[in-house]
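Architecture and fold: a report
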Amino acid sequence: MHDTTALLIELGAIILVLGLLGRLAGRVGFSPIPLYLLAGLAFGQGGMLPLEASEEFIATGAEIGVILLLLLLGLEYSASELVTSLKTQYPSGAVDFVLNAVPGAAAALLLGWGPVAAVALAGVTWISSSGVIAKVLGDLRRLGNRETPVILGILVMEDLSMAVYLPILTALLAGVSLAGGALTLLIALGTVGAVLYAALRHGRLISRAVSSDSAEMLLLVVLGLTLLVAGIAQRLQVSAAVGAFLVGIALSGEVAEGASSLLTPLRDLFAAVFFVFFGLHTDPAAIPPVLFPALVLATVTTLTKIATGYWAARRAGISVKGRWRAGGTLVARGEFSIVIAGLAVGVEPRIGPLATAYVLILVILGPLAARWTEPLAGRLTAARRASAAPAGDLAAVDAVEPAGTAGGAKAVPASR
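Residues numbered from 1 in each chain as written. Predicted model: local features only at pLDDT ≥ 70, side-chain atom pairs only at ≥ 80, totals over all residues. Heavy atoms only, no water.

Moving on to the overall build of the chain. Across its full length, the chain carries 17 helices and zero strands. Out of the 416 residues belonging to the chain, those deemed buried represent 47%. Here the contacts in the chain between residues at least 6 apart in sequence split such that 83% fall between residues at least 24 apart. Summed over all atoms, the accessible surface of the chain reaches about 19100 Å², with 68% contributed by carbon and sulfur. (Helix = DSSP H or I, 4+ residues; strand = E, 2+ residues; numbered from the N terminus. Buried < 20%, exposed > 50% of the residue type's maximum accessible area, 1.4 Å probe, protein only. Contact = heavy atoms within 4.5 Å. Areas by Shrake-Rupley, 256 points an atom, 1.4 Å probe, with all protein chains shown as cover.)

So, on to the environment of Leu 343. Position of Leu 343 relative to the elements: it lies in helix H15 (residues 335-344). Since its relative accessible area comes to 38%, Leu 343 is described here as partly exposed. For the pair formed by Leu 343 and Ala 174, sequence separation is 169 residues and the distance between their alpha carbons is 9.9 Å. Aside from chain neighbours lying at most four places away, what touches Leu 343 is Leu 166, Leu 169, Thr 170 and Leu 173.

Here we come to empty space enclosed by the protein. What the rule picks out here adds up to two cavities of 30 Å³ or more. Considered as a void within the structure, the second largest cavity measures approximately 30 Å³ in volume. Forming the boundary of the second largest cavity are Val 132, Phe 274, Phe 275, Phe 278, Arg 333, Gly 334, Glu 335, Val 359 and Val 363. Elements represented by at least two residues in the lining of the second largest cavity include exactly helix H12 (253-280) and helix H16 (351-388). Ranked by residue count, the leading element in the lining of the second largest cavity is H12, at three residues. Among the residues forming the lining of the second largest cavity, the class breakdown is six nonpolar, one polar and two charged. (1 Å grid on protein atoms, 1.4 Å probe; cavity = no way out; pocket = protein on both sides within 12 Å on 5 of 7 lines; lining within 4 Å. Points joined across faces, edges and corners; volume = space filled by probe spheres on them. Nonpolar A, V, L, I, M, F, W, Y, C, P; charged D, E, K, R; others polar.)

Here we come to a nonpolar patch on the surface. A cluster of nonpolar residues, Val 164, Ile 168, Leu 172 and Leu 189, forms a patch on the protein surface that exposes about 300 Å² of accessible area. It is helix H7 (residues 148-174) that contributes the most residues to the nonpolar patch, three residues altogether. Position of Leu 172 relative to the elements: it lies in helix H7. (Patch = residues over 30% accessible without salt bridge, like charges linked within 9 Å, V, L, I, M, F, W, Y side chains within 5 Å. Salt bridge = Lys/Arg side-chain N within 4 Å of Asp/Glu carboxyl O.)

According to the stated counting rule, one finds seven salt bridges in the structure shown. Across the pair Lys 135 and Asp 139 runs a salt bridge, and its minimum N-O distance is 3.6 Å. Placement of the pair is Lys 135 and Asp 139 together in helix H6 (residues 130-139), with a separation of four residues, close to one helical turn. For Lys 135, a relative accessible area of 11% puts it in the buried group. For Asp 139, a relative accessible area of 30% gives the class partly exposed.

Okay, the packing of helix H2 (residues 33-43) against H12 next. Interaxial distance between H2 and H12 falls to 7 Å at its minimum, and their mutual angle equals 45°. One way to sum up the angle between H2 and H12 is to call them oblique. H2 and H12 meet at a crossing whose hand is right-handed. Of the residues in H12, those touching H2 at Ile 33, Tyr 36, Leu 37, Gly 40, Leu 41 and Phe 43 are Ala 272, Phe 275, Val 276, Phe 278, Gly 279 and Leu 280. Residues belonging to the contact of H2 with H12 are distributed by class as follows: ten nonpolar, two polar and no charged. (Axes fitted to C-alpha atoms, helices over the stretch in contact; angles between N-to-C directions. Parallel < 35°, antiparallel > 145°, perpendicular 65-115°, else oblique. Left-handed = near helix turned anticlockwise from the far one by under 90°.)

This brings us to the packing of aromatic side chains. Inspection of the entire model under this criterion finds three aromatic pairs. Geometrically, the ring pair formed by Trp 126 and Tyr 165 is edge-to-face, given 6.1 Å between the ring centres and 85° between the ring planes. Separated by 39 residues along the polypeptide, Trp 126 in helix H5 (residues 115-126) and Tyr 165 in helix H7 bring together distant segments of the chain. The burial state of Trp 126 is the same as that of Tyr 165; both residues are buried. Feature note: the residues Phe 97, Trp 126 and Tyr 165 constitute an aromatic cluster, connected by ring pairs. (Phe/Tyr/Trp six-rings, centres within 6.5 Å; stacked < 30°, edge-to-face > 60°.)

Glancing now at helix H14 (residues 320-329). Across the ten residues of H14, seven count as buried, placing the element largely inside the fold. Residues of H14 that are buried: Gly 322, Arg 323, Arg 325, Ala 326, Gly 327, Gly 328 and Thr 329.

Relative to the helices and strands, Thr 373 is located in helix H16. For Thr 373, a relative accessible area of 13% corresponds to the buried category. Engagement of the side chain of Thr 373 in a polar contact is seen with the backbone oxygen of Ala 369, the distance being 2.6 Å. Not counting residues up to four positions away in its chain, the partners in contact with Thr 373 are Ile 306, Trp 324, Gly 328 and Leu 368. (Polar contact = N/O pair within 3.5 Å; in protein donor to acceptor, adjacent residues only side chain to side chain.)

When the pLDDT values of the chain are averaged, the result is 80; 83% of them are 70 or greater. Here helix H17 (residues 394-398) is the element of the chain with the lowest mean pLDDT, 47, and helix H13 (residues 291-315) is the one with the highest, 95. Taken together, the stretch residues 396-416 has pLDDT below 50 and engages in 47 contacts with residues farther than four places along the chain or on a different chain. (pLDDT = per-residue confidence, 0-100.)

Moving on, we come to the nonpolar core. In terms of nonpolar packing, the biggest core is built from 98 residues, with Leu 71 and Leu 121 touching the most fellow members. Among the elements that line this core, the one with the most residues is H12, at 13 residues. Core analysis: the second largest hydrophobic core is formed by eleven residues, Val 150, Ala 312, Ile 318 and Ala 326 among them. (Core = buried A, V, L, I, M, F, W, Y, C linked by side-chain atoms within 4.5 Å.)

As structure tokens, this is what we get:
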């Protein structure tokens, strides 16, 4: 009874604080994600009010939060849109890998951590946070923007790449034989292929089977199916987030719209729990010693992610504003980076604090970059044009279209 009472008190206090922080962020027009993380730091290891009774519950809630974030993102797009995105975005995926994995690998080698740690740190700096980015896109109301499919294509390429990367990394860390590593990789690829096949070929049948006139039944079936597929995917060394995203892709039409409406409040609740959980497992005292290298690495990979998004959006024919928005949105790192770092700590213990500081910086900077990269780039461009223009041409400079707001719009005209 005492444990249950403590659990209820802690959970009630956490959810109340999150609600107040969310309201504060909404009033100032700011994403609540950094505030959720800071709340986690306050309640976690070495924080002001460490939690004990609710830690296991919050850990489970955090996993559900990531799954729901990706499910809701998948519900926004059909299987045919996914195939088109993959066909058109694979060059962007290759550019993303080169620009963002290489800095992490180089940093590990310069620090003398060895090749296995280099492979691990490459993954930490390579993979953007699908969970954070999904939340940011919703907060800034950019799901209907023209650059969003480009962002989604890169995220999908990254998430699906994890089905190949994680088994390879696990094999390297464990020192298993080539045959053992190949078997793990084949299982992962087979699982992804099977789920993709079901989503692409039998999406209508799945939607028909899931459909229900009862909101309660629809909620239970979609949520249960998503958690089941995510759990099976994770058991087979594939990301649970990939499984959840593909479930969303498999559902279409009225089923997708109804499920999205029912699951949105649950997503918001558990997503907030996910960000708190991340902060709970970050000891504030471990951050200062690794802050400088983490800041350098964060600065470099912020620029490379912006370059990745800009290049990919330009290749897709998106306007200049959309290119900058795409680049800024991709900056955040999060759940995958922490998973990778956790796997590698046994080989190189120093990678843990560095990865934690790095992700904490970028998970706070990411929403800011998503919001301000495009307006800042617009102001810098206008200032450069003004300084280069002759005095008689200042009127023409004044006529340049303003940078606009970072929030975007749900429905975006084709001209953008």
